[in-house]
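Single-letter residue listing:
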Amino acid sequence: MTTFATNQDLSASALREVFGAFPSGVVALIADIDGAPVGLAASSFTSVSLDPPLVSISIANGSKTWPDLRRASRLGVTVLAGHHAEFARQLAGPVEKRFDDIPLASTDTSAVYVRDGVAHFETSIHSELPAGDHTIILLRVHSRSALASAEPLLFHRSGFRQFSA
């Protein structure tokens, strides 16, 4: 049996490297705030519960976008498709360019979606849980849709990937 040392390096960079070994999907969380889309990308999205229908996302405590998003009555969550890598990078860039050339759709409740995403969820904030340097946001799902033929964008080892045959 192999044993692990108990005095390992747990610095942010060392943890980021090992956390990155686990691939995850990428979502865009978007809402209409004061007449304009506001959003961010996250790779921490996961399903939580079927009854009630809940999903979660983790947001860095230093996020400048989350304080605006959390004002929305409804939030759109789009599971990004394999061809959305550049858009995912845009979401981390300048606010005024985040949605350039991105086909969006919105509901009458302020949730905004990327039209050609793999899946869409209309959600509202169910609860928030402090978790170190992030906050875990539990979102209640109010509606959903999915494109059966689309492949998701993956985040792995600090880079975007696509499924390959």
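Everything below is about the structure printed above this text.
Keep in mind that this is a model prediction, so the values were computed, not measured.

Q: What's the story with the pairing of strand E9 (residues 119-131) in this structure? I'm lost.
A: The two faces of the sheet receive side chains in turn, since in a regular strand these alternate between them. Pairing of strand E6 (residues 75-79) with E9, which is carried by five bridges, proceeds in the antiparallel orientation. Within E9, the position partnered with Gly76 by the bridge is Glu122. When E9 meets strand E10 (residues 134-146), the two strands line up antiparallel, connected through twelve bridges. In the sheet register, Pro130 faces E10, and the bridge partner there is Thr135. If you look at the hairpin formed by E9 and E10, you'll find two residues sitting between the two strands, and Gly132 has a positive phi there, around 65°.

Q: Sorry, what's going on with the nonpolar core here?
A: Most often, soluble globular proteins keep nonpolar side chains buried together rather than apart. Ranked by internal contacts, the top residues of the largest apolar core, which has 23 residues, are Leu29, Ile57, Trp66, Leu69, Leu75 and Leu139. The biggest single contributor to this core is strand E2 (residues 27-33), with four residues. Contacts of Trp66, omitting those with residues within four sequence positions, involve Leu29, Leu40, Ile59, Leu75, Ile125, Glu128 and Ile137.

Q: Just to check I follow, could you spell out the pattern of salt bridges for this structure?
A: A pair can form between side chains of opposite charge whenever their charged atoms are brought close. In the structure shown here, the tally under the stated rule is five salt bridges. Between Glu122 and Arg74 there is a salt bridge whose closest N-O contact spans 3.3 Å. Note that Glu122 is positioned in strand E9 and Arg74 in the loop between helix H2 (66-69) and E6, a separation of 48 residues in sequence. For Glu122, a relative accessible area of 9% corresponds to the buried category. The class for Arg74 is partly exposed, based on a relative accessible area of 23%. Within the structure, one salt-bridge network assembled from shared partners comprises Asp34, Asp68 and Arg71.

Q: Please clarify how the sheet that holds E9 should be interpreted in this entry.
A: Hydrogen bonds between backbone groups are what pair the strands of a sheet, and the pairing can be parallel or antiparallel. Pairing in this open sheet of seven strands is antiparallel, and the strands run E3-E2-E6-E9-E10-E5-E4 from one edge to the other. Pairing within the sheet leaves two strands with one partner each, and these edge strands are strand E3 (36-42) and strand E4 (46-50). If you compare each strand with its neighbour and ignore which way they point, the axes differ by 35° on average.

Basis of the calculations
Residues numbered from 1 in each chain as written. Predicted model: local features only at pLDDT ≥ 70, side-chain atom pairs only at ≥ 80, totals over all residues. Heavy atoms only, no water. Pairing = 2+ DSSP bridges. Helix = DSSP H or I, 4+ residues; strand = E, 2+ residues; numbered from the N terminus. Core = buried A, V, L, I, M, F, W, Y, C linked by side-chain atoms within 4.5 Å. Buried < 20%, exposed > 50% of the residue type's maximum accessible area, 1.4 Å probe, protein only. Contact = heavy atoms within 4.5 Å. Salt bridge = Lys/Arg side-chain N within 4 Å of Asp/Glu carboxyl O. Axes fitted to C-alpha atoms, helices over the stretch in contact; angles between N-to-C directions.

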